[in-house]
Amino acid sequence: MAEKAKEKPNKEPFPGAYFIGLVITLALLVVVVAVGAGLPPALSGFLVALLLGVTVNPKYALGFLSAGVFSALLGFAGSEPQVAWGGVGLIIASLLVWRFIKT
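Here's what I pulled together on the structure shown here. What you see is a predicted model; the values in this text were computed from it and never measured. (Residues numbered from 1 in each chain as written. Predicted model: local features only at pLDDT ≥ 70, side-chain atom pairs only at ≥ 80, totals over all residues. Heavy atoms only, no water.)

### Observations regarding the overall build of the chain
When helices and strands are counted, the chain shows four helices and zero strands. Tracing the chain from N to C terminus, the helices and strands come up as α-α-α-α. Over its C-alpha trace the chain gives a radius of gyration of 19 Å, far above what one expects of a compact globule, namely 13 Å for 103 residues. Expressed along its principal axes, the backbone C-alpha trace of the chain runs to roughly 75 × 30 × 25 Å. Restricting to contacts in the chain with at least 6 residues of sequence separation, those with at least 24 account for 60%. Surface summary for the chain: the accessible area is close to 7,800 Å², and the carbon and sulfur share equals 73%. The centroid of the 7 positive side-chain charges in the chain is displaced by 11 Å from the centroid of its 4 negative side-chain charges. (Helix = DSSP H or I, 4+ residues; strand = E, 2+ residues; numbered from the N terminus. Rg over C-alpha atoms; globule rule 2.2 N^0.38 Å. Contact = heavy atoms within 4.5 Å. Areas by Shrake-Rupley, 256 points an atom, 1.4 Å probe, with all protein chains shown as cover. Lys, Arg positive; Asp, Glu negative; His and termini not counted. Charge placed at Lys NZ, Arg CZ, Asp CG, Glu CD.)

### Considerations on the packing of helix H3 (residues 61–77) against helix H4 (residues 81–100)
It is at 7 Å that the axes of H3 and H4 come closest, and there the two elements cross at 160 degrees. The angle between H3 and H4 falls in the class roughly antiparallel. Taken as a pair, H3 and H4 cross one another with a handedness that is left-handed. Where H3 abuts H4, its residues Ala61, Phe64, Leu65, Ala67, Gly68, Val69, Ser71, Ala72, Gly75 and Phe76 lie against Val83, Ala84, Trp85, Gly87, Val88, Leu90, Ile91, Ser94, Leu95, Val97 and Trp98. (Axes fitted to C-alpha atoms, helices over the stretch in contact; angles between N-to-C directions. Parallel < 35°, antiparallel > 145°, perpendicular 65-115°, else oblique. Left-handed = near helix turned anticlockwise from the far one by under 90°.)

### What to know about a nonpolar patch on the surface
A cluster of nonpolar side chains, namely Phe14, Phe19, Ile20, Leu22, Val23, Ile24, Leu26, Leu28, Leu29, Val33 and Leu52, defines an oily patch on the protein surface of about 1,000 Å² accessible area. It is helix H1 (residues 17–37) that contributes the most residues to the nonpolar patch, nine residues altogether. Inspection of the secondary structure puts Val33 in helix H1. (Patch = residues over 30% accessible without salt bridge, like charges linked within 9 Å, V, L, I, M, F, W, Y side chains within 5 Å. Salt bridge = Lys/Arg side-chain N within 4 Å of Asp/Glu carboxyl O.)

### Remarks on H1
The end-to-end C-alpha separation of H1 is 30 Å, in line with the 30 Å expected for 21 residues at 1.5 Å each. In this fold, the buried residues of H1 make contact with helix H2 (41–53). (Expected span 1.5 Å × (residues − 1).)

As structure tokens, this is what we get:
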């Protein structure tokens, strides 16, 4: 006797949703890299880290905050403006996510 195989429910909100999300994510990454490449190092590091930092899941914000502090300390100590200001941008983004974004 042949039984019907139970089909797993599709987790996508609509067909092709994950593909569209991938395309949007890659397009945003290309825009961020293009904008960052055309700016001075300090401003580039700050903006790229800030823009990418606000996309972090709130439950990981504290970890990214500590990474930003570590990056800023080492960047300023080693006279690396892109790393230093990127750390500052990541600190600000992590604080924004941690404070205003709910899980």
